[in-house]
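Below, each chain spelled out in residue letters.
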Amino acid sequence: LRADVVVPERMETMIESIRKKDFEAFGQLTMRDSNQFHATCLDTFPPIFYLNNVSQRVISLVHQYNAFYGETKVAYSFDAGPNAVIFMLEPTVNEFVEVVKHRFPPKSNGQTFLKGLPVDRAVLSDGLHSAIASDPNPGGVSYIIVTKPGPGPMESQDATMDLLGGDGFPLHCV
């Protein structure tokens, strides 16, 4: 039923929200679809558990952040695993990265926590601090890759354009 009815209908709605540049509709649909996919996985026998404790904390953080602003400024989805993909408009990036760093302080293990596009530091208001107050989870998030929409996947003939190294991990971008 999901593949035959729900997904095609949601795809039409998703395409329309993107055409209209309606982030609220896009974000709500993205999160609802992610939740439904993972609920379907839990409804199998034996159940499939893709999300973990950190995934659940990320979901909670996104909802707390959006509730603080009274609108959908950030949306989540998850791959077939515990890895969050977070969507937001460019003006929200700096602040939400600070929110993630506040909730999931990086461990100082010599690795780069922020990868991809540069992010400026942001100062979080006292109200936002209160809205997202929770026990920090140091090291819960290994790293953040900041990207933006582009033309889609392309095969590179220039190794300096590659996003991943030979080990499969993201390269540090300058």
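Throughout this document, residue positions are counted from 1 along each chain, in the order its sequence is written. The predicted origin of the model limits local features to residues at a pLDDT of at least 70 and limits the giving and counting of side-chain atom pairs to 80 or more, whereas totals for whole chains, interfaces and linings rest on all residues. Each side-chain value is worked out from all heavy atoms of the structure, with water and hydrogens disregarded.

- As named in an unreviewed UniProt entry, the protein chain is Mvd1 C-terminal domain-containing protein, taken from Hymenochirus boettgeri.

1. Structural notes on the confidence of the model for the protein chain
Thinking step 1. Looking at any residue, its pLDDT shows the predictor's confidence there, from 0 to 100. When pLDDT is averaged along the protein chain, the result is 89, and 95% of the positions lie at 70 or above.
Thinking step 2. Put simply, helix α1 (residues 2-19) is where the protein chain has its lowest mean pLDDT, 88, and strand β2 (residues 84-88) is where it has its highest, 97. To qualify as a helix, a DSSP run of H or I must reach at least 4 residues; to qualify as a strand, a run of E must reach at least 2; elements of each kind are numbered from the N terminus.

2. Here's the deal with the pairing of strand β1 (residues 74-78)
Thinking step 1. Using a 1.4 Å probe on the protein chains alone, a residue whose accessible area is under 20% of its type maximum counts as buried, one over 50% counts as exposed, and one in between counts as partly exposed. With respect to burial, β1 is a largely interior element, five of its five residues being buried.
Thinking step 2. Residues of β1 alternate between two faces, with Val74, Tyr76 and Phe78 on one and Ala75 and Ser77 on the opposite face, all of them buried.
Thinking step 3. When DSSP finds at least two bridges between two strands, those strands are taken to pair. Pairing geometry for β1 and β2, over five bridges, is antiparallel. The residue bridging Tyr76 from the neighbouring strand is Ile86, located in β2.

3. Some points on helix α3 (residues 53-69)
Thinking step 1. Under the convention used throughout, the expected extent of a helix is 1.5 Å for every residue step, that is, one less than its residue count. An ideal rise of 1.5 Å per residue puts 24 Å on 17 residues; α3 measures up with 25 Å between its terminal C-alpha atoms.
Thinking step 2. Elements that come into contact with the buried residues of α3 comprise α2 (23-42), β1, β2, α4 (93-103) and α5 (126-131).
Thinking step 3. With its phi angle positive at about 70°, Gly70 sits one or two positions after the end of α3. Residue contacts follow a heavy-atom distance rule, with two residues in contact if any of their heavy atoms lie within 4.5 Å.

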